[in-house]
Amino acid sequence: MKKLIYLSLSFFATSAFAQDVSEERVKTVISTLSSDEMKGREIGIPENDKAAEYIAQLFKENNLEYCTGNSYLVPFNYKGKTAYNVCGIKKGNSEKFLGFSGHFDHIGMSKKSGDNIYNGADDDASGITTLVGIADYFKNKTPEFSMVFMAFNGEEKGMLGSQAISEDKKLDPIYKNLSALFNFEMVATEAEFGENTVFITGDEFSDLDELFNQNAVNGLKIHPDPYAKQQLFYRSDNVSFVKKKIIAHSISTADMSKIKHYHQANDDMSIVNSENMTQIINNFAKTLEKLNPENFNPKYSDKVKFN
């Protein structure tokens with residue numbers, strides 16, 4: 001009887017560690033970042049710092065290590081003042097890293113009457129929520145790849161934060177071993193390809209999507225870039241790492257033919273499909289469990305421009 005009880009408890013403990021990220025957790029993170037209290041998270045305002053501190057707290061909850069120094073907050077200069085990116089590390093079985101990123105800043109507030117807060121739930125609280133969800137999933141696991149989680153600031157002002165942290169020499173030991181960066185940009189809505197799907201910017205520039213899809217679980221699929229003519233690959237934070245010749249693509253669900261909330265005051269929780277987000281986060285994480293440096297080593301094609 002004691003043996004049966006022990007086995008039962010062991011199974012329960014293993015199951016507890018293997019729990020999926022809950023939809024409630026997803027709602028909590030994205031709603032906190034996109035709340036009116038954050039005042040649109042524009043770089044340079046106190047609420048932007050508050051958002052950075054909140055993300056740092058989430059990283060702490062997931063027992064991530066610091067990327068550099070003694071804080072998750074990585075400072076850089078913005079108009080003579082200090083602004084922050086947020087960075088944390090999950091050690092895996094390999095020295096090779098996979099990166100997960102998104103930007104937490106948005107465009108602040110307007111002077112219009114009525115609803116004048118640009119909450120930025122999709123753009124890009126959803127991306128931050130996705131990378132936090134992946135960190136949540138691996139909290140009590142040891143992945144094959146080591147993982148670096150980066151929340152960028154100042155994207156809306158010209159990708160300032162990603163540029164600053166990509167040039168930080170203290171992080172070069174990570175960058176030299178960074179096999180690929182997944183930059184999550186607007187993943188709060190259902191993609192035009194349906195639920196449990198995303199698309200990758202610049203799919204023709206590397207084989208990242210093919211290698212990922214070969215291992216994808218539960219029907220998750222990365223589709224080719226349906227907006228190649230818009231050159232989105234070169235218009236988001238991933239480009240700061242492309243310049244370093246690191247495999248870096250943005251991952252999105254934004255249906256550009258239908259979106260009416262981009263940089264609008266209605267980019268709030270009302271447009272968030274939290275069920276679909278949660279499904280994508282968990283299936284993405286489960287796919288990552290299958291990846292290792294032997295079966296996932298993407299390469300750039302000769303079509304990409306590094307400058």
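Notes on the structure follow. In this text the structure is predicted, and so the values were computed from the model without any measurement. (Residues numbered from 1 in each chain as written. Predicted model: local features only at pLDDT ≥ 70, side-chain atom pairs only at ≥ 80, totals over all residues. Heavy atoms only, no water.)

1. Looking at the pairing of strand β7 (residues 197-200)
Side chains T197 and F199 project from β7 onto one buried face, and the interleaved V198 and I200 project onto a second face that is buried too. Relative to strand β8 (residues 221-223), β7 runs parallel, the two sharing 3 bridges. When the bridges of β8 are listed, T197 appears paired with K221. Crossover connection from β7 via helix α7 (residues 208-215) to parallel β8: handedness right-handed. Of the pairings in the sheet, the one linking β7 to strand β9 (residues 248-252) comprises 2 bridges and is antiparallel in character. Across the sheet, F199 pairs through a bridge with S252, a residue of β9. (Buried < 20%, exposed > 50% of the residue type's maximum accessible area, 1.4 Å probe, protein only. Helix = DSSP H or I, 4+ residues; strand = E, 2+ residues; numbered from the N terminus. Pairing = 2+ DSSP bridges. Right-handed = clockwise from strand over helix to strand, strands pointing away.)

2. Concerning the packing of helix α2 (residues 23-33) against helix α4 (residues 121-137)
Two elements in contact, α2 and α4, have axes separated by 9 Å at closest approach and are oriented at 140 degrees. With respect to α4, the axis of α2 lies oblique. Considering only the axes of α2 and α4, their crossing is right-handed. Here R25, V26, V29, I30 and L33 of α2 come into contact with α4, specifically with A121, A125, S126, I128, T129, V132 and D136. Class assignment for the residues of the contact of α2 with α4 results in 8 nonpolar, 2 polar and 2 charged. (Axes fitted to C-alpha atoms, helices over the stretch in contact; angles between N-to-C directions. Parallel < 35°, antiparallel > 145°, perpendicular 65-115°, else oblique. Left-handed = near helix turned anticlockwise from the far one by under 90°. Contact = heavy atoms within 4.5 Å. Nonpolar A, V, L, I, M, F, W, Y, C, P; charged D, E, K, R; others polar.)

3. A word on the packing of aromatic side chains
In total, this model carries 19 aromatic pairs according to the counting rule given. A centroid spacing of 4.7 Å and a plane angle of 70 degrees characterise the contact between Y66 and Y72, whose relative ring orientation is edge-to-face. The partly exposed category is assigned to Y66, whose relative accessible area is 39%. Its relative accessible area of 8% is what places Y72 among the buried residues. Judged by centre distance (5.9 Å) and plane angle (25 degrees), the ring pair of F152 and F241 falls under stacked. Separated by 89 residues along the polypeptide, F152 in strand β5 (residues 146-152) and F241 in helix α8 (residues 238-242) bring together distant segments of the chain. With a relative accessible area of 0%, F152 lands in the buried category. On the basis of relative accessible area, F241 is assigned to the buried category, the value being 0%. Three or more aromatic residues joined by ring pairs form one cluster here, namely F59, Y66, Y72, F100, F145, F149, F182, F184, F212, F284 and F296. K245 extends its terminal NZ or CZ atom over the ring of F306, reaching a point 5.2 Å from the ring centre. (Phe/Tyr/Trp six-rings, centres within 6.5 Å; stacked < 30°, edge-to-face > 60°. Lys NZ or Arg CZ within 6 Å of the ring centre and 35° of its normal.)

4. Points about unusual backbone geometry
In this chain, D123 is followed by D124 through a cis amide linkage whose omega measures 0 degrees. By the element assignment, D124 lies in helix α4. Look at M159: it is not a glycine, yet its phi comes out positive at around 55 degrees. Turning to its location among the elements, M159 is positioned in the loop between β5 and α5 (160-166). One non-glycine residue, H263, adopts positive backbone phi at about 55 degrees.

5. Some points on the packing of α2 against helix α3 (residues 46-61)
As a packed pair, α2 and α3 sit with axes 10 Å apart at the nearest point and diverge in direction by 155 degrees. Considering their axes alone, α2 and α3 lie roughly antiparallel with respect to each other. Along the contact surface, α2 presents R25, T28, V29, T32 and L33, while α3 presents A51, Y54, I55, L58 and E61.

6. Overview of the state of the cysteines
Covalent bonding between the sulfur atoms of two cysteines is what defines a disulfide. Counted under the stated rule, the structure contains 1 disulfide. Here C67 connects covalently by a disulfide to C87, the sulfurs 2.1 Å from one another. The sign of the -75 degrees torsion about the S-S bond sets the C67-C87 disulfide as left-handed. Placement of the pair is C67 in the loop between β1 (65-66) and β2 (73-78) and C87 in strand β3 (residues 81-90), with a sequence separation of 20 residues. Overall, the relative accessible area of 11% leaves C67 in the buried class. Looking at C87, the relative accessible area reads 0%, which means it is buried. (Disulfide = S-S within 2.5 Å.)

7. Some words on the pairing of β2
Residues V74, F76 and Y78 of β2 are buried on one face, while the alternating residues L73, P75 and N77, pointing to the opposite face, are not. Note that β2 and β3 share 6 bridges and pair antiparallel. Counted as the bridge partner of L73 is V86 from β3. The turn linking β2 back onto β3 is made up of 2 residues, and K79 within it adopts a positive phi angle of 50 degrees.

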